[in-house]
Amino acid sequence: MAEFRAPPGTHDVLPPESSRWERLVALFARRAGRAGYALVVSPVFEELAVFSRVGEETDVVRKEMYDFLDKGGRRLALRPEGTASVVRAFVQHRPLVPFKAWYAAPSFRYERPQAGRYRQHHQLGVEVLGTEDPELDVEVVTLAWATCRDIGLGGVILLLNSLGDDACRPAYLQTLTAYLAERGDELCDAHRERAAVNPLRVLDCKREPCTNATADAPRLLDHLCEPCRDHFGRVTAGLAALDVPFALAPRLVRGLDYYTRTTFELQSTALDAAQNALGGGGRYGRLVEALGGPATPGIGFGLGVERILLAADHEGVFAAPASTVAVWVVDTTGGAEATALAHLLREAGISCDRSFDGRSMRAQMKSADRAGARLAVIVGPSEVAAGTVTLKDLATGEQEEIGREDVAKLVEERLR
Ligand SMILES: [Zn+2]
Ligand SMILES: [Zn+2]
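This text gives an overview of the structure that appears in the document. (Residues numbered from 1 in each chain as written. Chains lettered and ligands numbered in written order. Predicted model: local features only at pLDDT ≥ 70, side-chain atom pairs only at ≥ 80, totals over all residues. Heavy atoms only, no water.)

1. Thoughts on the sheet that holds strand E6 (residues 120-129)
Stated formally: Strands pair, by our definition, only if DSSP identifies at least two bridges between them. Each helix is a run of H or I in the DSSP string that is no shorter than four residues. Each strand is a run of E no shorter than two, and both are numbered from the N terminus. A contact between two residues is defined here by any heavy atoms of the two lying within 4.5 Å. Angles run from 0 to 180 degrees between N-to-C directions of axes, and those axes are lines fitted to C-alpha atoms, restricted for helices to the stretch in contact.
Judged by pairing direction, the sheet is mixed, and its eight strands sit side by side in the order E1-E5-E6-E11-E10-E9-E7-E8 without closing on themselves. The open sheet has two free edges, formed respectively by strand E1 (38-39) and strand E8 (247-248), since each of these has just one partner strand. As defined by bridge partners, E6 adjoins strand E11 (residues 298-304) across seven bridges and the pair is classed as antiparallel. Each residue of the ladder has a partner; that of valine 128, found in E11, is isoleucine 299. Against the sheet, helix H5 (residues 134-150) touches strand E5 (99-108), E6, strand E7 (156-162), strand E9 (259-268), strand E10 (277-284) and E11, its axis set at about 10 degrees to E11. The strands touched by helix H10 (residues 226-241) within the sheet are E7, E8, E9 and E10, with E7 carrying the most contacts at an inclination of about 160 degrees.

Right, dumping it as C-alpha cells:
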C-alpha cells in the first residue's frame, strides 16, 4: 500500500502548533473587529482572469499561478493572495462604502518548494474599499503593525514608501528607465532584459549587481506630485502621532503591480534577509475598475501566518500553550461518571477532558499530567456512594473531598 504524504509545498498543522494558529487568528479577528472590519469569506479559487487582470507583470501571475481546467472546461486558479478575491466580491455585490473587510485564508503559488516558501500558505489580511483618505492608510498600517505587537514580536521594522500615482509615476518611470538603460550591462541576469518592462522591479531586486547598479538611482519619493506628497505627509504624520515607528524605504515596490501611493512592508529582524517579510500591502487605485467595477480606491495588507509564527519562534515569544485543558476528570468506576462530570464542567464553561477505555487510575493521572491540567476531579466507588468527588491540585498534590453539587463552583474558584 502506498504511503501518503501531504503534497509538496504543503504542510499539516497539528497540535500544539495549531493552538497558536487559533490564537493568532483570534487576536487578529478581535483587533480588526474592534476597528469595524467584518469577516469576508470568498472562494479559494476564481476564474484565472480575476487574478491575471490584477498583476499581468508579476511573477506570481506569470510563473507561479496555481491554475487548472475544471471538468467543465473552466480555467480556474487557486487564490495567490487575498486582495483580488475580495475586490471581485465587492464588484459583484456592491456593498456600502467604505467597505472594511478582514479575512483569514490560504494562498497558493505553484513554485519550487523551498525553505519558508510554500505552495499553500496562510494569510491574515484586510481590504478597505471606497475612500482615499490618508487617515485610513494610517489605520490600516497601524492594524498590521499592532497585530505583530499583539503576539509579542519585538524585532519588527515597518517599511514605508509611496509609489505615486498616474500623475507622477509615468514621468518618474521614464527617468528611472533612462538611468537603468545606461547601466543595462551591470544589472543581474533576470533584469538585464526586463528592466524596461518593469523598471520598478529592478529597485526591489535583492541581487548584488542590481543593488550596486541602482545605489544612486532616482527615488520616486523625490518625484511625487503635490497631491501624492501631501497624502504621504499625512500618512507619516499620522503614524508618528500614534507612536508607530516606521522607516522610509524608497526601494520598496512590493511584488504586485497594482499599488499606488502608500506601500508598506513589515520585516522581522529575527529572520534571514531572504525570508524576513512578515507581510505588507498598500493602496491600489485601478483594481476595482480592472475587475469591472466603478473607479474605487482601495487599500489592504496580507500577513503570512507561517512567517509570523516563525519569527515568534526565533524571538522566543508566543509559545504554544503547555496545557490543553484546565481539568482532568479521573473515573475509576467505569467511565459514565466521567461523562457526567465532564459535561457538567463544560456546561459551566470550564475546559476539561477525561480518559477512555477504562484505564487504570495511574494511567488516567498520567494523561492528566500530559494534558497540563491544573486540577483533577477524581471519582471512585467511595465518592459515588458519598455523593462527593475528590478535587486534587496537580501542582501541590493537595486534595479535598467536596460535595458533587459544588464541583463546578469550587473548580472555578481553584482555577482563579
Ligand atoms: Zn535584478
Ligand atoms: Zn502623484
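And the narrative resumes.
2. Examining the coordination of the zinc ion (ligand 2)
What counts is decided by this rule: Water is not part of the atom set, so a site may look incomplete; the donors themselves are N, O and S atoms within 2.8 Å of the metal, or 3.2 Å for Na, K and Ca. Sites are called tetrahedral only when four donors show all angles between 85 and 135 degrees, square planar or octahedral only when four or six donors show opposite pairs over 155 degrees and all other angles between 65 and 115, and irregular in any remaining case. Think of it in three bands: with a 1.4 Å probe and only protein chains considered, a residue is buried below 20% of the maximum accessible area for its type, exposed above 50%, and partly exposed in between.
The protein atoms that coordinate the zinc ion (ligand 2) are Asp165 (OD), Cys168 (SG), Cys225 (SG) and Cys228 (SG), at distances spanning 2.2 to 2.3 Å. For the zinc ion (ligand 2), the four donor atoms in the first shell make angles of 94 to 118 degrees at the metal, a pattern classed as tetrahedral. Mapped onto the sequence, the donors of the zinc ion (ligand 2) take the spacing D-x2-C-x56-C-x2-C. Separated by 63 residues along the polypeptide, aspartate 165 in the loop between E7 and helix H6 (169-182) and cysteine 228 in helix H10 bring together distant segments of the chain. Accessibility assignment for this pair places aspartate 165 and cysteine 228 in one class, buried.

3. Let's talk about the coordination of the zinc ion (ligand 1)
Within the first shell, the zinc ion (ligand 1) binds the protein through Cys188 (SG), His191 (ND1), Cys205 (SG) and Cys210 (SG), at distances of 2.1 to 2.3 Å. Coordination at the zinc ion (ligand 1) is tetrahedral: its four donor atoms span angles of 102 to 117 degrees at the metal. Mapped onto the polypeptide sequence, the residues donating to the zinc ion (ligand 1) form the spacing pattern C-x2-H-x13-C-x4-C.

4. Examining the pairing of E9
Of all 10 residues making up E9, 10 are buried, and the element is well covered by its neighbours. Two elements, E7 and E9, share seven bridges in a ladder whose sense is antiparallel. The partner of leucine 160 across the bridge, within E9, is phenylalanine 264. Here seven bridges tie E9 to E10, and the two strands are oriented antiparallel to one another. In the strand pairing of E10, threonine 260 is matched with arginine 283.

5. Overview of unusual backbone geometry
Proline 15 connects to proline 16 through a cis peptide bond whose omega is 5 degrees. With respect to the element layout, proline 16 can be found in the segment before helix H1 (17-34). For the bond from valine 97 to proline 98, the omega torsion is -5 degrees, close enough to zero to count as cis. In this model, phenylalanine 318 sits at a positive phi of 55 degrees, which is unusual for a non-glycine residue. Here phenylalanine 318 lies in the loop between helix H12 (305-315) and strand E12 (327-331). Judged by relative accessible area, which is 10%, phenylalanine 318 ranks as buried.

6. Some remarks on the packing of helix H13 (residues 336-347) against helix H16 (residues 407-415)
Here is the rule: The scheme is simple: roughly parallel for angles under 35 degrees, roughly antiparallel for over 145, roughly perpendicular for 65 to 115, oblique for anything else. In this scheme, a crossing is called left-handed if the near helix is turned counterclockwise away from the far one by less than a right angle; it is called right-handed if the turn is clockwise. Polarity classes work like this: nonpolar for Ala, Val, Leu, Ile, Met, Phe, Trp, Tyr, Cys and Pro, charged for Asp, Glu, Lys and Arg, and polar for all others, with Gly in that last group.
At a minimum axis distance of 9 Å, the contact between H13 and H16 shows a crossing angle of 60 degrees. Between H13 and H16, the angle falls in the class oblique. H16 is crossed by H13, and the crossing has right-handed handedness. In this structure, H13 uses Leu341, Leu344 and Leu345 to contact H16, whose residues at the interface are Val407, Ala408 and Val411. Classifying every residue of the contact of H13 with H16 by side-chain character gives six nonpolar, no polar and no charged.

7. Re the sheet that holds strand E2 (residues 45-47)
The antiparallel open sheet is built from three strands, whose spatial order is E2-E4-E3. Strands at the two margins of the open sheet, each flanked by one partner only, are E2 and strand E3 (67-69). Between one strand axis and the next, the sheet turns through 35 degrees on average, direction left out of account. When E2 meets strand E4 (residues 75-78), the two strands line up antiparallel, connected through three bridges. Bridging across to E4, phenylalanine 45 finds its partner in leucine 78.

8. Observations concerning the pattern of salt bridges
The test is simple: By definition, a salt bridge exists where a carboxyl oxygen of Asp or Glu is found within 4 Å of a side-chain nitrogen of Lys or Arg.
Tallied over the full model, the rule gives 21 salt bridges. In this structure, the salt-bridge partner of glutamate 46 is arginine 88, at a minimum N-O distance of 2.7 Å. Here glutamate 46, found in strand E2, pairs with arginine 88, found in helix H4 (residues 83-93); they are 42 residues apart in sequence, far enough to count as distant. Each member of the pair, glutamate 46 as well as arginine 88, carries the same accessibility label: buried. Linking aspartate 222 and arginine 219 is a salt bridge whose minimum nitrogen-to-oxygen distance equals 3.1 Å. Residue class for aspartate 222 comes out exposed when judged on its relative accessible area of 52%. Its relative accessible area of 36% is what places arginine 219 among the partly exposed residues. Through salt bridges with shared partners, a single network forms among Glu17, Arg20 and Asp313.

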